[in-house]
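Fold and geometry: a report
Next come the chains, spelled out residue by residue.
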Amino acid sequence: MMPTPAPLKNAEPPGGLSRRAMVQVSSAIAAAPLVGCAAPSGGLLGMAEVSSEPNPVMMRMNLQVNGQSYPLTIDGRTSLLDALRENMNLKGSKKGCDHGQCGACTVLVDGKRINSCLTLAVMHEGQAITTIEGLSSGEALHPMQIAFIKHDGFQCGYCTPGQICSSVGMLAEAKAGMPSHVTQDLQGASGALSDEEIRERMSGNICRCSAYPNIVAAIRDVAGAPA
Ligand code: FES
Ligand code: FES
């Protein structure tokens, strides 16, 4: 007896429906009772239109990053971090957790530090975004970058762009008189920062290599505070 031929890979099933369409139809049939939708009059192909993944809504926007204008057409759900890394090729800002817990993605928006993984790119049109790539002026490093090198404020370096952007934003906050949870004298909050103040204010930036003493030393140096 002749052996039954094995089905061809990706062969179309009878009736003209592709394998992909068959899978979609099957998924739609399975999902229909769960979502409580009545069977559409269009038959099986109509049910295949039921989808749990809406199509992306592409949006045009113009972002100002490091003094440069970036015209973009991207999914409106794109985080600022992903837009920076994937659409503008600015890979300095790092994705550690993508959940606002590590600070590796910290950038400055109008001078204020934010976690770029927690915000949508489209929300920042018209604002001045600064990433680690934009802190230096040409070949001249930012004083905080110099201090991190001088004090060896990193090991693997993955958290470092976020640490540096965050510390620049943090010093501006302190200078503006914003208190932290450990500030004793609320009237004199703009005074010199103690190590305790620096650690508290930088607590949103995690360093897995535990380079904390050197990070604090670098920030203390720029802040002009005594050890
Ligand atoms: Fe944004 Fe961790 S990647 S906080
Ligand atoms: Fe490695 Fe901070 S230097 S995570």
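Please read these numbers as outputs of a predicted model, since none were measured by experiment. (Residues numbered from 1 in each chain as written. Chains lettered and ligands numbered in written order. Predicted model: local features only at pLDDT ≥ 70, side-chain atom pairs only at ≥ 80, totals over all residues. Heavy atoms only, no water.)

**Regarding the pairing of strand β3 (residues 106-109)**
A two-sided burial pattern is seen for β3, the buried positions comprising T106 and L108 on one face and V107 and V109 on the other. Looking at chain direction, β3 and strand β4 (residues 112-115) are connected through four bridges and run antiparallel. Bridged to V109 within β4 is K112. Linking two consecutive strands that pair antiparallel, namely β3 and β4, is a turn of two residues; a positive phi of about 50 degrees is found at D110 within it. Across two bridges, the pairing between β3 and strand β5 (residues 128-130) is antiparallel. In the strand pairing of β5, V109 is matched with I129. (Buried < 20%, exposed > 50% of the residue type's maximum accessible area, 1.4 Å probe, protein only. Helix = DSSP H or I, 4+ residues; strand = E, 2+ residues; numbered from the N terminus. Pairing = 2+ DSSP bridges.)

**Considerations on the packing of helix α4 (residues 143-150) against helix α5 (residues 160-175)**
Relative orientation of the contacting elements α4 and α5 amounts to 125 degrees, with a least axis distance of 10 Å. What the angle tells us is that α4 and α5 run oblique. Relative to α5, the crossing made by α4 is right-handed. Contacts from M144, Q145 and F148 of α4 reach α5 at T160, Q163, I164, S167, V168 and L171. Per-class residue counts for the contact of α4 with α5 are five nonpolar, four polar and no charged. (Axes fitted to C-alpha atoms, helices over the stretch in contact; angles between N-to-C directions. Parallel < 35°, antiparallel > 145°, perpendicular 65-115°, else oblique. Left-handed = near helix turned anticlockwise from the far one by under 90°. Contact = heavy atoms within 4.5 Å. Nonpolar A, V, L, I, M, F, W, Y, C, P; charged D, E, K, R; others polar.)

**Considerations on the environment of V107**
Mapped onto the elements, V107 comes out in strand β3. Overall, V107 belongs to the buried group, its relative accessible area being 0%. Through-space distance from the C-alpha of V107 to that of L81 is 8.9 Å; in sequence the pair is 26 residues apart.

**Here we look at the pattern of salt bridges**
With the rule as written, the count across this model stands at eight salt bridges. The closest approach of N and O atoms between E86 and K91, which form a salt bridge, is 4.0 Å. Judged by its relative accessible area of 53%, E86 is exposed. For K91, a relative accessible area of 36% puts it in the partly exposed group. Across the pair D221 and K150 runs a salt bridge, and its minimum N-O distance is 2.8 Å. (Salt bridge = Lys/Arg side-chain N within 4 Å of Asp/Glu carboxyl O.)

Any link to function would need more than the numbers given here.
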